[in-house]
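# Notes for the structure review
These are the residues of each chain, in order.
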Amino acid sequence: MSADTTAKKMELLFLHVAAYRGLVLSSYVLSALLALSFLCLLLTKYKTPSPLYLLFLYSVLPYLIRTLLEQKTAKQKKEEECLFPLFRHKYHYSKLRHTAASISYLIAFFLLGAWHFSYALHSGTPVLICRLPACIAAISLFVRLAATIIYRIYFRSNPLAAMR
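Here is a short report on the structure shown in this document. Counting starts from 1 at the beginning of each chain's written sequence and moves along it residue by residue. Per-residue local features of the predicted model are confined to residues with pLDDT of at least 70, and side-chain atom pairs are confined, for both listing and counting, to 80 or more; whole-chain, interface and lining totals are unaffected and use all residues. Only hydrogens and water are removed before side-chain values are computed, so all heavy atoms of the structure are retained for them.

### Things to note about the packing of aromatic side chains
Note on aromatic contacts: the rings of Phe and Tyr and the six-membered ring of Trp form a pair at centre separations within 6.5 Å, being stacked when their planes are under 30 degrees apart, edge-to-face when over 60 apart, and tilted otherwise. Tallied over the full model, the rule gives seven aromatic pairs. When the centroid spacing of 5.7 Å and the interplanar angle of 45° are considered together, the rings of Tyr151 and Phe155 count as tilted. Of this pair, Tyr151 and Phe155 are both found in helix H7 (residues 132-157), four residues apart, which corresponds to roughly one turn of the helix. Per residue, the accessibility class of Tyr151 equals that of Phe155, and both read buried. Grouping aromatic residues by their ring pairs yields a cluster made of Phe14, Tyr91, Tyr151, Tyr154 and Phe155. Working definition: helices are DSSP H or I runs of at least four residues, strands are E runs of at least two. Numbering for both runs from the N terminus. When a residue's accessible area, from a 1.4 Å probe over protein chains only, is under 20% of the maximum for its type it is buried; when over 50% it is exposed; and in between it is partly exposed.

See below:
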């Protein structure tokens with residue numbers, strides 16, 4: 001492998017790991033916001049278990065998807081582990097984890113949208129509670145984008161420190 005292709009593969013890996021770390025951080029924020037919204041809704045007369053169901057599903061879904069995809073990608077996993085194994089291990093990155101987390105994140109966003117529209121259909125729901133799922137989605141998306149950009153800048157500015 002030439003130095004040019006190694007550098008391109010390393011840059012591509014940096015981009016993937018930055019996207020994955022942004023996804024992981026936003027999933028932590030999404031989980032915390034869902035738990036907090038469930039607790040806040042318990043204190044109001046709108047005792048809906050929707051945030052709790054979504055939190056449970058969002059916590060379990062990546063593992064289920066990873067298990068389903070793991071059977072199909074065993075050969076690809078061996079090839080993937082050869083490139084920069086310490087870097088992958090440091091940031092807990094694998095293409096399978098990234099794919100499973102991305103799919104579960106999209107499903108969570110779809111369910112947040114469904115939750116938002118279920119509130120919008122009820123005319124007696126206060127505006128703040130009606131917009132709660134949309135605010136959770138917006139905050140999580142902002143954290144994902146910001147964390148991805150920060151990780152990309154960090155990896156690009158100091159690649160040797162990122163590899164340690």
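### Let's talk about the pattern of salt bridges
Here, a salt bridge means any side-chain nitrogen of Lys or Arg that lies within 4 Å of a carboxyl oxygen of Asp or Glu. This structure, assessed with the given rule, holds one salt bridge. The partner of Glu11 in a salt bridge is Arg156, with the nearest N and O atoms 3.0 Å apart. In this pair, Glu11 sits in helix H1 (residues 3-43) while Arg156 sits in helix H7, placing the two residues 145 residues apart along the sequence. What makes Glu11 partly exposed here is its relative accessible area of 30%.

### Structural notes on a nonpolar patch on the surface
A cluster of nonpolar side chains, contributed by Leu57, Ile103 and Ile107, occupies part of the molecular surface with about 200 Å² of accessible area. The class for Leu57 is partly exposed, based on a relative accessible area of 32%. Residues with no salt bridge and a relative accessible area higher than 30% make up the patches, which join like charges within 9 Å and nonpolar side chains (Val, Leu, Ile, Met, Phe, Trp, Tyr) within 5 Å. Shrake-Rupley sampling with a 1.4 Å probe provides the accessible areas, and residues are treated as covered by the protein chains on show and by no other component.

### As for the environment of Ile107
Relative to the helices and strands, Ile107 resides in helix H5 (residues 95-121). Looking at Ile107, the relative accessible area reads 33%, which means it is partly exposed. With 50 residues separating them in the primary sequence, Ile107 and Leu57 have C-alpha atoms 9.4 Å apart.

### What about the side chain of Ser140?
Within the secondary structure, Ser140 sits in helix H7. Owing to a relative accessible area of 0%, Ser140 belongs among the buried residues under this scheme. Residues within four places of Ser140 in sequence aside, it is in contact with Ser26, Leu30, Tyr105 and Phe109. Whether two residues touch is decided by their heavy atoms; if any such pair falls within 4.5 Å, the residues are in contact.

### Details of the environment of Ile149
Considering the arrangement of structural elements, one finds Ile149 in helix H7. Residue classification places Ile149 among the partly exposed residues on the basis of a relative accessible area of 49%. Between the C-alpha atoms of Ile149 and Ala18, which are 131 residues apart in sequence, the distance is 7.5 Å.

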